[in-house]
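Take a look at the letters that make up each chain.
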Amino acid sequence: MALSNGDTKEITGDPRDGPRHTEGAVVILDAGAQYGKVIDRRVRELFVQSEILPLDTPAFAIREQGFRAIIISGGPNSVYAEDAPWFDPAIFTIGKPVLGICYGMQMMNKVFGGTVHRKNVREDGVFSISVDNSCSLFRGLQKEELVLLTHGDSVDKVADGFKVVAQSGNIVAGIANEQKKLFGVQFHPEVDLTERGREMLKNFLFEIAGCSGNFTVQNREEACIQEIKEKVNNSKVLVLLSGGVDSTVCTALLNKALNQDQVIAVHIDNGFMRKRESKSVEEALKKLGINVKVVNAAHTFYNGTTTLPISDEDRTPRKRISKTLNMTTNPEEKRKIIGDTFVKVANEVIGEMNLKPEEVYLAQGTLRPDLIESASTIASSKAEVIKTHHNDTELIRRLRDEGKVIEPLKDFHKDEVRALGRELGLPEDIVSRHPFPGPGLAIRVICADEPYVCKDFAETNNILKIVVDFSASVKKPHTLLQRVKSCISDEEQETLMQITSQHSLNAFLLPIKTVGVQGDCRSYSYVCGISSKDSPHWESLMFLSRLIPRMCHSINRVVYVFGPQVKEPPTDITPTFLTTGVLGTLRQADFVAHVILRESGCAGKISQMPVILTPLHFDRDPLQKQPSCRRSVVIRTFITSDFMTGIPATPNNQIAEEVVLKMVNEIKKIPGISRVMYDLTSKPPGTTEWE
C-alpha cells in the first residue's frame, strides 16, 4: 500500500494507566505546534513507532513505558511567560535522547540555565542557516541549509554544557549536548520547507537514539473500515459530500464498510460553489455508483445565523445571535455560520426522509490539518486556533462529544487520502483534484465595511519605503533604517542593495486583513502590496516577500500588483458582503483562471489555486474624491505536499509566466475589476486561504 507505515493514536487518558506496547518507540510531547502531527507522520514514514502524549506527561511514565527517545514539538507560548505550559524537567535527565523543536529547544535551554528573550526580529519563512556538520544531528549535511523558521523568541544565553551547532545570522538556531544526547533546533525539521529535515530526523532516530526502523502495522484502509462498522452497526449514516477528494474518499469507505441502504450521500449546494460545480459533482459521483441527493440551500446559507460568545473577552456562557451571513465580515464568524448551517440543513434532510435523528450518524471527510488549525483536542491539546474549519465548529464538536460524528480520515493528511483513494479504486481525476474548501467562495471574498487602518499604518508604510528603496535610503540615516538593518544579515543587505538599485519598486500597506500563522499563533494582519515600473523580476519579489514579514510583524502576506506602478495606494475600501453580485464576479474570475490553468497543462504542478476577491479599488485620483466602487482579484498559486506548509509558484519556474499573464488579462476583462494581484507568500506566514 502506498501509505506511510505506522499508526499513531493520541492517548486521552492518564499515561500512567498501565503499560503500553511502546518498547523502542518515540514519544512526541505536544506543546501545541501547528506541525505537531507532521512530526508524528515523518517519524512513521521512517518506520519508527510513535505516540503523541501531552507536554505535562511525567518523566517516570515515559521511562516505565519503555520509550527509546523523546521529541518535543514547537508551540505558541513563551517559556518565560507566567502561563507557560507545565512540564516535568526530569524528561531531560532520565537518560533518553531528546530532540527539542522550537519551543522544545527553548525549554531545554531554560532548564539547564540558559535564557530566552523576545527579540525585535521575527523569523517566519525559509532561511539559510549555517550548521556544524560535525554534530551528530547534522552529519552528512552541507554547512549551509535551507530551513523553516517561525519564532519571535530566541535563545539569548546558551545553557551550560551546550554548544551552538546552528545559526541564522546572529540568532541561535541549534544547540547540542552530545554527551547527554540532548539536541535543540529553532527551526522545523519535520516540514518539507526544511530541505534536509528528513535526514536530520533520520540522524536523530537511528544514529543518536538507536531506533530499529522495523515498525509496520495493519493496513490503514482495513482499520478505517473496521472503525466504521463498529461505530455504526445497523444505523444509517448521512455523509455531506462536496465532491472533493476528502468527502469522496470518506463516502467510498462508507460504501465499502456498510450496506448501500445505510449510506445517505447528500451534496448541499450552499450558493458558494464554483461555476457549474454542483452539476459536475453529481455527474462524477454517479459514475462511481454513488447516488447523491442534491439540496439547493443557497437562500438558507445567505440568511444563516449562529450563536456566538458575547465578545472575545467574555468568558461567561452568555451568547449572542450573529448577523446573517450575507451581512457578516468577520472571517471566523463566517466559517462558524457556514459550518452550523450545514448541520441544520442536514437535520432538515433527515426530517424529510422520516429518519430519527438519534439513529443517524453524521460522516465527514475531516483531515488532521483541519483539526490542528481549528485547535481541536482530537489533534492537539494545546494548538492555537488559526481558523475554524467548517467541519470543526462548536456544534460539530458537540455532536462529536455525543459520539454522533464519523470521521474515518481524521488521522490522515491530504497526500495520504489521495493514496487511499487510489487504493479504493477511485479515478485519478477525482483523486488528484485541487482541494476546494467546504465554505467555498464565501471565504474567498474578503468582506469589509470599513478599511483596516491601525495606528502603526503610517510607520509601517515608512519602513516599506525604506526596504524597497534601500540603496538610496542607506545614504540618508534614519532611525527606521537602523531598525531595518537590525533585522537582516549582511548578506541580505547586499542582496537588497542589488535589487533596489536595479529595479524601481514601491511597497505599501493595503487597508485589509488576512489570516496567517506566525510562530504557531494565528495572526489577522495587513497585506503588503508591491508594484514595479518595469516587468516583474520574480526572484527579487520572492526575496522581498520573505524579508518583509520578518521586519514588519503586522504583515503576514505580500502580493505583487500587476499593471502600471501604483502611485496612490487605496486607503479606503469598497463595502463588500456575500451578495449574489459579488459572488458572481468572483465565480467568473475563478472559472477563467482555472480554465487557463487546465488548458496550459500546469495544473499538475500546482497543489491548489485559490482566487480571491478583495474590496480594493486602485487608480483613483485622490483630488477628485472618486468613491471606491470596484474590487481587485488575487491569484494564489500554492505548492505543498502536506498542506501544513507550502510555497507560492514562482512564474518562469514552477508555472509559465505567460500562463499567469493570460489569467491576469482575462480576469481584467470582467466588469467591476480594478486590478489583479499575485500572492507571493509562503505558508507560514500566510495560510493557504486568505480567510
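Residues numbered from 1 in each chain as written. Predicted model: local features only at pLDDT ≥ 70, side-chain atom pairs only at ≥ 80, totals over all residues. Heavy atoms only, no water.

Novice: With reference to specific residues and values, describe the overall build of the protein chain.
Specialist: The helix and strand tally for the protein chain stands at 20 helices and 22 strands. A globule of 691 residues ought to have a C-alpha radius of gyration of about 26 Å, and the protein chain, at 25 Å, matches this closely. Taking the principal axes of its C-alpha atoms as reference, the protein chain extends roughly 75 × 75 × 50 Å. Of all 691 residues assigned to the protein chain, the portion counted as buried reaches 62%. Pairs at least 24 apart in sequence give 77% of the contacts found in the protein chain among residues at least 6 apart. (Helix = DSSP H or I, 4+ residues; strand = E, 2+ residues; numbered from the N terminus. Rg over C-alpha atoms; globule rule 2.2 N^0.38 Å. Buried < 20%, exposed > 50% of the residue type's maximum accessible area, 1.4 Å probe, protein only. Contact = heavy atoms within 4.5 Å.)

Novice: Tell me about the sheet that holds strand β16 (residues 405–406), and please be specific about residues and values.
Specialist: Backbone hydrogen bonds hold the strands of a sheet together, and the pairing may be parallel or antiparallel. With parallel pairing, 5 strands are arranged side by side in an open sheet as β12-β11-β10-β15-β16. Looking at the sheet topology across the chains shown, the edges are occupied by β12 (292–296) and β16. Relative to β12, strand β11 (residues 263–269) is paired through 5 bridges, and the arrangement is parallel. Each bridged residue has a counterpart across the sheet, and for His267 the counterpart in β12 is Val294. Contacts from helix α6 (residues 245–257) reach β10 (236–240), β11, β15 (360–363) and β16, with the element oriented near 165° to β10. Its contacts with the sheet place helix α9 (residues 331–352) against β10, β11, β12 and β15, and it is angled at close to 140° to β10. (Pairing = 2+ DSSP bridges. Axes fitted to C-alpha atoms, helices over the stretch in contact; angles between N-to-C directions.)

Novice: Go over the packing of aromatic side chains with me, naming the residues and quoting the values.
Specialist: By the definition in use, this model includes 13 aromatic pairs. Plain terms: the ring middles of Phe112 and Phe162 are 5.3 Å apart, the flat faces sit at 50° to each other, and that makes the pair tilted. Taken as a pair, Phe112 in the loop between α3 (103–111) and β5 (115–131) and Phe162 in the loop between β6 (144–157) and β7 (163–168) lie far apart in primary sequence, 50 residues in all. When its relative accessible area of 17% is taken as the criterion, Phe112 is described as buried. (Phe/Tyr/Trp six-rings, centres within 6.5 Å; stacked < 30°, edge-to-face > 60°.)

Novice: Lay out the environment of Lys181 with the relevant residues and their values.
Specialist: If you trace the backbone, Lys181 turns up in the loop between β8 (171–177) and β9 (182–185). Residues Lys181 and Phe92 lie 89 residues apart in sequence; the distance between their C-alpha atoms is 9.4 Å. Ignoring any residue separated from it by four or fewer positions in sequence, one finds Lys181 in contact with Lys96, Pro97, Val98 and Ile208. In this structure the side chain of Lys181 is engaged in a polar contact, spanning 3.3 Å, whose partner is the backbone oxygen of Ile208. (Polar contact = N/O pair within 3.5 Å; in protein donor to acceptor, adjacent residues only side chain to side chain.)

Novice: Provide a residue-level description of the packing of helix α5 (residues 220–232) against α6, including the pertinent values.
Specialist: Interaxial distance between α5 and α6 falls to 9 Å at its minimum, and their mutual angle equals 65°. In terms of axis orientation, α5 runs roughly perpendicular to α6. For α5 against α6, the interelement crossing comes out right-handed. Taken together, the residues of α6 that come into contact with α5 (itself represented by Glu221, Cys224, Ile225, Ile228 and Lys229) are Leu253, Leu254, Lys256 and Ala257. Per-class residue counts for the contact of α5 with α6 are 6 nonpolar, no polar and 3 charged. (Parallel < 35°, antiparallel > 145°, perpendicular 65-115°, else oblique. Left-handed = near helix turned anticlockwise from the far one by under 90°. Nonpolar A, V, L, I, M, F, W, Y, C, P; charged D, E, K, R; others polar.)

Novice: Please set out the side chain of Arg196 residue by residue, giving values where relevant.
Specialist: Examined against the element boundaries, Arg196 turns out to sit in the loop between β9 and α4 (197–208). Polar contacts involving the side chain of Arg196 include one to the main-chain carbonyl oxygen of Gly140, which spans 3.1 Å.

Novice: Provide a residue-level description of the confidence of the model for the protein chain, including the pertinent values.
Specialist: Fine structural detail should not be taken from predicted coordinates in areas where pLDDT scores are low. Chain-level pLDDT for the protein chain is 87 on average; 91% of the residues reach the 70-or-more range. When the criterion is pLDDT under 50, residues 1–20 qualifies, and its contacts beyond four places in sequence or with other chains add up to 60 contacts. Across residues 375–381, where pLDDT falls below 50, the model places 25 contacts with residues more than four positions away in sequence or in other chains. (pLDDT = per-residue confidence, 0-100.)

Novice: Outline the sheet that holds strand β21 (residues 631–635), supporting the account with residue identities and numerical values.
Specialist: Ordered in space as β17-β18-β19-β22-β21-β20, the 6 strands form an open sheet in which the pairing is mixed. With one partner strand each, in any of the chains shown, β17 (505–518) and β20 (611–614) form the two edges of the open sheet. Strand-to-strand twist across the sheet, computed as the mean angle between neighbouring axes with direction ignored, equals 30°. One ladder, built from 12 bridges, connects β17 with strand β18 (residues 521–532); its direction is antiparallel. When the bridges of β18 are listed, Gln518 appears paired with Cys521.

Novice: Can you tell me about a negative patch on the surface, naming the residues and giving the values?
Specialist: Side chains of Glu144, Asp490, Glu491 and Glu494 sit close together on the surface and give a patch of like negative charge. The greatest single-element share of the negative patch, amounting to 3 residues, is contributed by helix α17 (residues 490–502). On the secondary structure map, Glu494 appears in helix α17. (Patch = residues over 30% accessible without salt bridge, like charges linked within 9 Å, V, L, I, M, F, W, Y side chains within 5 Å. Areas by Shrake-Rupley, 256 points an atom, 1.4 Å probe, with all protein chains shown as cover. Salt bridge = Lys/Arg side-chain N within 4 Å of Asp/Glu carboxyl O. Lys, Arg positive; Asp, Glu negative; His and termini not counted. Charge placed at Lys NZ, Arg CZ, Asp CG, Glu CD.)

Novice: Which residues make up the packing of α17 against helix α18 (residues 538–551), and what are the values?
Specialist: Two elements in contact, α17 and α18, have axes whose closest approach is 11 Å; the angle formed by their N-to-C orientations is 130°. Looking at the two axes, α17 sits oblique to α18. When the axes of α17 and α18 are compared, the crossing they make is left-handed. Contacts between α17 and α18 pair Glu492, Thr495, Leu496 and Ile499 from the former with Ser540, Phe543, Leu544, Leu547 and Arg550 from the latter.

Novice: Go over the state of the cysteines with me, naming the residues and quoting the values.
Specialist: Throughout the structure, instances matching the rule amount to 0 disulfides. Of all cysteine sulfurs, the one in Cys102 lies closest to Cys135, which takes part in no disulfide; the gap is 16 Å. By relative accessible area, Cys135 is classed as buried at 1%. Its sulfur unpaired, Cys454 is 14 Å from the next cysteine sulfur, which belongs to Cys552. (Disulfide = S-S within 2.5 Å.)

Novice: Just give me the short version of α3, but keep the residues and values in it.
Specialist: Most of α3 is tucked away, with 7 of its 9 residues classed as buried. All of the buried residues in α3 are Tyr103, Gly104, Met105, Gln106, Met107, Met108 and Asn109. Within two residues after α3, Gly113 carries a phi angle of roughly 95°, on the positive side.

Novice: Give me the environment of Leu613: which residues, what numbers.
Specialist: Summarising the element assignment, Leu613 is placed in strand β20. Residue class for Leu613 comes out buried when judged on its relative accessible area of 0%. A sequence separation of 167 residues divides Leu613 from Ile446, and the C-alpha atoms of the two residues are 6.2 Å apart. In contact with Leu613, other than residues within four places in its own chain, are Arg444, Val445, Ile446, Val582, Thr585, Leu586, Arg631, Ser632, Val633 and Ile673.

Novice: How would you explain the nonpolar core if you had to name every residue and give the values?
Specialist: With 92 residues, the main nonpolar core has Phe272 and Ile667 as its most contacted residues. The residues touching Phe272, leaving out its near neighbours within four places in the chain, are Phe301, Tyr302, Leu325, Ile338, Phe436, Pro439, Gly440, Leu441, Ala442, Leu578, Leu583 and Arg587. Within the second largest apolar cluster, 35 residues are counted, among which are Cys135, Leu137, Phe187 and Cys211. (Core = buried A, V, L, I, M, F, W, Y, C linked by side-chain atoms within 4.5 Å.)

Novice: Let's hear about the pattern of salt bridges: which residues, and what values?
Specialist: Close approach of charged atoms lets side chains of opposite charge pair. In total, this model carries 26 salt bridges according to the counting rule given. The shortest N-O distance in the salt bridge between Asp160 and Lys157 comes to 3.9 Å. Note on Lys157: relative accessible area 38%, which makes it partly exposed. Across the pair Asp590 and Arg274 runs a salt bridge, and its minimum N-O distance is 3.1 Å.

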